[in-house]
Every structure is written in structure tokens, then in C-alpha cells.
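Listed here are the chains, written in short residue letters.
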Amino acid sequence: MTEAALTEADFAAAVDQAQSAAKSYYDTGDVLMTDADYDALLDRITAAKKAHPDWDDRGVLTRVAAGVSSGGDVRHPVPMMSLDKVTGEDDVRTFVASLGGDPCLVEVKLDGLAIRVEYKSGRLALAALRGDGSTGENVTAQVLRGIAGLPARLGTAWTGEVRGEVYMTVGDFEAASANRVAAGSKAFINSRGAVAGSIRSIDRTYETPMTFAAYDISGDFPAHRERMAHAVELGFPVAGQLATGEIQVAGDAEAALAAIARIGELRRDLEFPIDGAVLTADLESTRRRLGSASRTPYWAAAFKYPADTGSTVLRDIEVRVGRTGRITLRAVLDPVFVDGTTITYATLHNPSFVEEQGLAIGQTVAVWRAGDVIPRVTAPIGEQPHGLTPWTPPEACPQCGEPWDKSSLLWRCHTASCSATNALEYWCSRDALDVEGAGEALCVALVNAGLANDVADLYVLTEEQLAELPVGNTKAGGVVLLGKLNAAKVIASLEHSKTQPFNRVITGLGIRMTGRSVGRWLAARFKTMDALRAATVEEIAEIDKMGLIKAQHVIDGLASMSGVIDRLAAAGVTMSVPETEGDKPLEGKTYVVSGSVPGYTRTTVSERIEQLGGRASGSVSATTTALVTSETTTAKATKAAKLGIPIIDPAEFANLLAD
Ligand code: IVH
């Protein structure tokens, strides 16, 4: 598609737009347009300028950072240059040929801000941004606040200058953006914008972690690789080693193209943002021979990968429960092409983040792809239509209607049927199958590893699989495995759980609106899983306190889990109440137990009462035989006294159950 040629007025407006986007970007870090949109705008200005050389581009096409106020109070002793772009294979071949057979290095082009840092006798003395290339802003105080890779003091008394890029890793970005939102400002668009917005603000009240990597250092060295080895010796991380371990060396154009392609392939997995690959002559002699133009050297060039940030309209935010029970927010977008892929869905951080930013359906938002394959919506971008209503998250889980557990940023739904992890955790809980060692961490790990998606999967796990399961991280970032000893305990406990009473199996299925009591009632009434599955809604509803709604949930829950139940039965899990011989001394008696009974849990005491033919109830009424409690002032005790119902001491009751 060819774009219509610009009129002079359009040209002036485009220059205005480019200037204000660049100015606000460099001066305040606010992003009015994505890099891709900005590049497209500059391409249009370039084409018009070619056709009309007399039109005034006000420097947007020629200055290092178009439109930026240098803001510079520090003059660079040697200018901080930019790099010419190479755009296709032919450009790469031409560049490599220009080196005349000398080695060409290929390293990542970090997507951050260029910085120059002077050390005197091992102490950080000055840090300055590139600015317009001749003078830049003094950011010493901000850098001394802490940038990984730029220590305030080196291990040796070195005096010299190191140049490189300040950038944010994906982790730095997440933390910085969350801190900024928590401080009441808009989130950052992407990591470069975040660095630009952070590094100039001296009085920032929130932390914005940043990282440095060097691509140049003062001193006489025969080649770039020796220069960088010196930087490493002094303790600076170097750009060339970040992605590939060692700087890639290409003897010819084909090797350079392969090295560019290799970085391109790695790009998605990198935990730091890159926007291209830098091609550079290794030898000083090559660099001297080729020399430099006014703002770019002839001995280096930048190959740009497609932009990693796009802008598009937010059409909807879908709320779901993820496999681990956490809320997941999915942005539905107008399709946008970012880094080779059309994106229509993206993730959003968490509900508070979305709310605090005032994201609204119909808004234009930035979409960033970095570090992984799932793109994320980071912030609103550019001018917005008026009158949009900010989006608010639902107060309850959309799947089960229960209110969220909001104790962490990623809200959680605990309903067993809403996620695989919840189902496993509930099955293993004390009131259900009581599997020791199978808490949240293990259940999340099992789901994440793909080892268990439902409770029946637990019974085919092997000790070896469990021992190798990553269940946490050490402080140093290492992985903690479950280990052989714990694995053996879990397997033994799973084996034992097969013998747990039938009522616990029913409870453990985690059917909506059912719990410990319903498990016991259903087991007592139907005795076997086959009978329970054959029961009608009316038969279930007839049970005291069940009612039609709960009964329907039981029918639906059993039907949806029929495959799981069959596999549990095949694994040997109890599917019936054992035929009991002997008398039922508590037949016709109803007990309310409040507080603990020695030797029993809440669940086992109720189970024992029912095993002996009695009923366990939660509330005192005229039909209660006795209240079991050691308290005499509680509401239950007062009510019992009023109704003339006897109160039994828990220890005495334990004796009664034991007989
Ligand atoms: S070499 C003469 N190496 O890209 C300038 N630059 O447009 C020498 N950059 O201003 C630069 N990673 O801020 C070089 N590995 C790398 C780089 C890198 C990022 C930036 C740098 C420079 C811009 C060039």
C-alpha cells in the first residue's frame, strides 16, 4: 500500500507530532506513541523531505534524539554517538564487506538508555545520559541510588570511563511499574519508557530497579573483545555476553546473518529487552581505518528487530479462574501486529493494577511482548476518548459466585470445582482424605508440572515423580525439590487415604454447596457410591436440611465427575460404608459438639457419633439429646440450659464414644 504524499501543512503537523512524542518521551518518560508508530511517522517525514528538501524538519531527522531538550549540564569529552540502521540482508552484507575481511562482532542491542559513567580511584564520580550526543544530563545522584552493575565503589582503585546501557529486566520492569502504580501514577508502557521515566526523577518516592551493561570502556586495547574482558575484570556486566555467553564473532556476512538470526531466536526467552543486534568491528585498526561521520561511526551498525510494543483498542476484560485458583484477567483487543504476530488477547497484571490505572473498555492501550510469549497490556497510551467508564473487577468468582479471597494481589477462589489446584488441595485437606504433606505448594507444583489435573491422578503418582517435583525456591533463587523422604511420606499417606471412610470421599469431591456434613448425610443415607449415583434429586432433597438446590448440585457434581469417580474406585478408594455389626448405642440420639473432644477432630467425632447410630448436629434445638462442651457461658450453652438440655463434659463424652 502506498501512502498518499504529504502536503506541506501535513508535513509540519507530522514534524510537530514527532517532536512532542520524542520530547515527552525523553524528558518525562511519558510515551505518546509506540516505537513502531513513531518509526512509521519518521519514515513518512523522511519520504516527504526527500521529495521536498527545502521543507523544514526542525532537526527531527538529523539530531541524535529528535526533539529532545538536551537538558545537559555535562559535556561529553568524546561525543556519545548513535548507530546507523542496517535493515535487510543486503545491508548486512554491505556492512560486513566494508570491514574488508576483518572480524565482525555481533551482540545484543539493549533497549534502554545510553549512559556514561566516570570512576575516580574506584569511586563512581559522574554519571551522564547521552542527551543530544554532545552534552547530557547529570544523573549521578540517581545512579548512586542503586543500579545493578554500576557499583558506587569498585573492588580496585580504577580511574576511567565506562559506557553502556541502563535497562530494566522484565523483573525490574514488573516491580518498577507496580511501585509506580502503587504511588498513584500511571504504569510504564515498556521497559525503555520506564528507564527514561525513572532515571531523571531525583525525588521519586518509589523504587525502580534498573540494570547496567557495558559496551565500551576507556583504555588502550587492540580489540573490542580485549576491551570488554577488561570491563569484566573490573566487575561490569557486558552487553556482548548477556544473551550468548560470549560475544559472537563472524568472519563473513553469512556468519553475521546467522548470528543476528540466533539472537532473534533467543529474543523471546531473554529476561531483558533488546531491540536489535549491534554489528561492530572487533579490531581497533579496522575502527581507525573506517572512522566516523558526525553522529555515527562507520565501523558499527544496528540491525533492528520488529518492535515489541504496539498500540490498540481494549475491547473487553475477561475474568477467569486459572488452574491454580488465582484470578486471571485477559484483555480482548482489536487485532494488532506486534513482533511478527497478530495479537488479539493479552494478559493484565492483577485487578488492583487495572483499577489503579483506570483502564477502560474502548481505551487505546500499549501491548508489550517481552521475555515470554504472552503479550501484556501495560498502560493506556496517547490521547483517549472522553466519557469512558473505568473497568471494575467483579466482587465474586464468575464460575461459582463465591466472593474472592483478596488476601493477596492475585485474588483467589477456593471452590474446589473452580480449579485443578483447589480440587487437589480440598481432597487432601484434613476434613476430607487427610493426605499429609499435600498442601497448597505441592498441589500447585503437581498442576504446574502436568502430573495431576484431577484427584484421581494422585493415585498413579510415583515416588520418583514426586521426589523430583520443584516445590519452591531458595533465597538465592535456586529450586527446592520435594525430595525422596517427603515423597515417600506423601505416597504412604495417599495409600492410607484409600481407607478413609466413604463420607470423606464424598466430601473430598468438592461438589458445590457441599461440605463435611453433606458428605456424612449422603454416606449414611445411600451407603454406596452406586446407590448415591442412582439417587434422584427428590431422594437427596428429602434428607434433613438438604433441599432441592443442594440436591441438584450433588446430582450435577457427581455427573461431571463420573470419570474421576470411576478412576478413584479403580484405584481402590473406599466407595461404600462398611456393613457394621453390633448394636447402635446412640440410635435415636442427637448430639451437638462445641469445642474439641479429646482424641477426635471435628470430623472424626461426628463420624464416630454416626457410626454408633447417633446424629451429629451443629445447632441446639428441642430434639438435641445433649450439648458436648466445657464452656457454660456460650450462646449454645445458654440455649441448652433454657431448653433443659443436659451438657456433657468433652472428656466424659470421649469415654462414652470409646465404650
Ligand atoms: S555500541 C557509537 N553496543 O544503541 C555508539 N550500542 O543507536 C556505540 N546500544 O546509543 C554503541 N546496546 O545506547 C552499542 N551492545 C550495544 C548496544 C548499544 C544498546 C544503544 C546505545 C547507542 C544506541 C545506538
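Please read these numbers as outputs of a predicted model, since none were measured by experiment.

Asks: When you look at the overall build of the protein in this model, what are you seeing that I'm missing?
Replies: When helices and strands are tallied, the protein shows 24 helices and 22 strands. Computed over the C-alpha atoms, the radius of gyration of the protein is 34 Å, more than 25% above the 26 Å expected from 2.2 N^0.38 for a compact globule of 659 residues. The dimensions of the protein, computed from C-alpha atoms along their principal axes, are 105 × 55 × 50 Å. The burial tally for the protein puts 49% of its 659 residues in the buried class. Pairs at least 24 apart in sequence give 67% of the contacts found in the protein among residues at least 6 apart. Of the roughly 30400 Å² of accessible surface on the protein, 53% is carried by carbon and sulfur atoms. Between the centroid of the 64 positive side chains of the protein and the centroid of its 83 negative side chains there is a distance of 4 Å.

Asks: What is the right way to look at the side chain of arginine 376 in this model?
Replies: The residue arginine 376 is located in strand 16 (residues 376-380) in this model. Once residues within four sequence positions are removed from consideration, arginine 376 is found in contact with Val170, Glu174, Ala346, Thr347, Ala366, Val367, Trp368 and Ala370.

Asks: What am I meant to see in the UniProt feature "active site" (unreviewed entry) in the protein here?
Replies: Within this numbering scheme, the UniProt entry marks Lys109 as carrying the feature "active site" (unreviewed entry). Residue position: lysine 109 is located in strand 3 (residues 104-110).

Asks: Just checking my understanding: could you explain the site of the ligand for this structure?
Replies: Around the ligand lies a shell of 14 residues, among which Glu107, Val108, Leu110, Arg130 and Glu165 are the nearest. Within the backbone of leucine 83, one N or O atom sits 3.3 Å away from an oxygen atom of the ligand. Within the side chain of tyrosine 215, a nitrogen or oxygen atom sits 3.2 Å from an oxygen atom of the ligand. Coverage of the ligand by the protein amounts to 89% of the 520 Å² it exposes when considered alone. Take the shell around the ligand: its biggest share by element is four residues, from strand 3. Here the shell around the ligand is composed, by residue class, of nine nonpolar, one polar and four charged.

Asks: Please clarify how the environment of serine 596 should be interpreted in this entry.
Replies: Structurally, serine 596 is set in the loop between strand 19 (590-593) and helix 22 (602-611). Relative accessible area serves as the criterion here: at 63%, serine 596 is assigned to the exposed category. Residues serine 596 and leucine 113, spaced 483 residues apart in sequence, show a C-alpha to C-alpha distance of 64 Å.

Asks: Could you clarify how one ought to interpret unusual backbone geometry in this entry?
Replies: Leave glycine aside and you will find that most residues have negative phi; peptide bonds, for their part, are mostly trans. The backbone of arginine 58 sits at a positive phi, close to 45°, despite the residue not being glycine. Mapping arginine 58 onto the fold places it in the loop between helix 2 (35-51) and strand 1 (74-75). Residues other than glycine seldom take positive phi values, yet serine 121 does so here, at roughly 50°. Relative to the helices and strands, serine 121 is located in the loop between strand 4 (113-120) and strand 5 (123-129).

Asks: I keep staring at the packing of helix 3 (residues 89-98) against helix 9 (residues 253-266) and nothing clicks. Help me out?
Replies: When two helices pack together, their arrangement is given by the angle between their axes and by how far apart the axes lie. The interhelical angle for the contact between helix 3 and helix 9, taken along N-to-C directions, is 125°, at an axis separation of 9 Å. With respect to helix 9, the axis of helix 3 lies oblique. The two elements helix 3 and helix 9 cross, and the hand of that crossing is right-handed. The residues of helix 9 that touch helix 3, namely those facing Glu89, Val92, Arg93 and Val96, are Ala253, Glu254, Ala256, Leu257 and Ile260. Residue classes in the contact of helix 3 with helix 9 are distributed as six nonpolar, no polar and three charged.

Cut-off values and rules
Residues numbered from 1 in each chain as written. Predicted model: local features only at pLDDT ≥ 70, side-chain atom pairs only at ≥ 80, totals over all residues. Heavy atoms only, no water. Helix = DSSP H or I, 4+ residues; strand = E, 2+ residues; numbered from the N terminus. Rg over C-alpha atoms; globule rule 2.2 N^0.38 Å. Buried < 20%, exposed > 50% of the residue type's maximum accessible area, 1.4 Å probe, protein only. Contact = heavy atoms within 4.5 Å. Areas by Shrake-Rupley, 256 points an atom, 1.4 Å probe, with all protein chains shown as cover. Lys, Arg positive; Asp, Glu negative; His and termini not counted. Charge placed at Lys NZ, Arg CZ, Asp CG, Glu CD. UniProt positions renumbered as here; feature names shortened; annotations may be inferred. Near = heavy atom within 4 Å. Polar contact = N/O pair within 3.5 Å; in protein donor to acceptor, adjacent residues only side chain to side chain. Nonpolar A, V, L, I, M, F, W, Y, C, P; charged D, E, K, R; others polar. Axes fitted to C-alpha atoms, helices over the stretch in contact; angles between N-to-C directions. Parallel < 35°, antiparallel > 145°, perpendicular 65-115°, else oblique. Left-handed = near helix turned anticlockwise from the far one by under 90°.

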